[in-house]
Amino acid sequence: LVGLLWFLSGGKQAEPSSGESSEQPLLIPESVPESSTDAEEEKYDFAAQLPFYDQDDWTFETVGESLPELDQSDAEYSRDLLLVASQLQPFLFNKQQVRKAVLSINDMAQGLRPPAKRLREISFPRPFSVTEKEGRLYISAQAYHRYDSLALAINSINKQAAVALYKKYLPLFQIVFAELSYPDNYQLMDSIKAATGKVLQAPVITGKIEVIHPSVRYKFADPKLEKLSALDKQMLRMGPENTRMIQNKLRELIEALIAAERG
């Protein structure tokens, strides 16, 4: 699960929150919300979804009797992550994967996107693009399709395998999390729950989304959308189908992780 959450694209660096609350609530909607719109609804033709792993009993063996040191963990961590879902290969960071995973979760827990300097290591096959209709600009379907492979790769993750991966690397995750200097009553699981909750509550708009181009970057024409968090806006840029796929898989994974923690 931790290896999954840091894939969403970049923005400004965040300062850690105060962590005053001793308990981080997780809000899991019963179904993915949809925003109503009068605009024409766009349909997407997705390739067949990648197959799920059907193995029920997942374990990961460590090298020797212990985990590698944090700074030497990339090879083993990436190997194990790709056992969970080999389709994630294009979205792996080049180095310091465990550290960047935890720091990105911390960003997302605050409604932010991981910094661009981290995400330059991850490439997408198509550039952002818009379509013009009657003098107005809208996000194009092709812009959404640039995230198809990411959504399908996430959707292919087996929940038992994700929990096993989390349990194996938890000591390394906790080393990085401790560097953020949160109070003792705010733990890594609180941050994971918060990040997951932010993604699950991101809006889904099935109609066309108008944008403007006042400067170098495009902005949402609707002021309400432009005021959304950086993470919410990134989810909108992924398109409704990709967003739903990612949200549904995250819901499944976080429920499995919480059950494992309780069990």
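Everything that follows concerns the structure shown earlier in this document.
Caption draft 1: Representation of the overall build of the chain in the model. Secondary structure assignment for the chain yields eleven helices and four strands. Going through the 263 residues of the chain one by one, you find that 51% of them count as buried. Here the contacts in the chain between residues at least 6 apart in sequence split such that 80% fall between residues at least 24 apart.

Caption draft 2: Highlighting the nonpolar core. Grouped together as the largest cluster of nonpolar side chains are 56 residues, with contacts concentrated most on Y166, F173, L188, I192 and I246. The set of elements that each furnish at least two residues to this core consists of α2 (74-84), α3 (97-109), α6 (148-155), α7 (159-178), α8 (188-200), α10 (230-238) and α11 (240-262). At eleven residues, the largest contribution of residues to this core is made by α7. In this structure, Y144, I209, L225 and L236 belong to the second largest nonpolar core, which totals nine residues.

Caption draft 3: Looking closely at the side chain of D148. By secondary structure assignment, the location of D148 is in helix α6. Separated by 2.9 Å, the side chains of D148 and H145 make a polar contact.

Cut-off values and rules
- Residues numbered from 1 in each chain as written.
- Predicted model: local features only at pLDDT ≥ 70, side-chain atom pairs only at ≥ 80, totals over all residues.
- Heavy atoms only, no water.
- Helix = DSSP H or I, 4+ residues; strand = E, 2+ residues; numbered from the N terminus.
- Buried < 20%, exposed > 50% of the residue type's maximum accessible area, 1.4 Å probe, protein only.
- Contact = heavy atoms within 4.5 Å.
- Core = buried A, V, L, I, M, F, W, Y, C linked by side-chain atoms within 4.5 Å.
- Polar contact = N/O pair within 3.5 Å; in protein donor to acceptor, adjacent residues only side chain to side chain.

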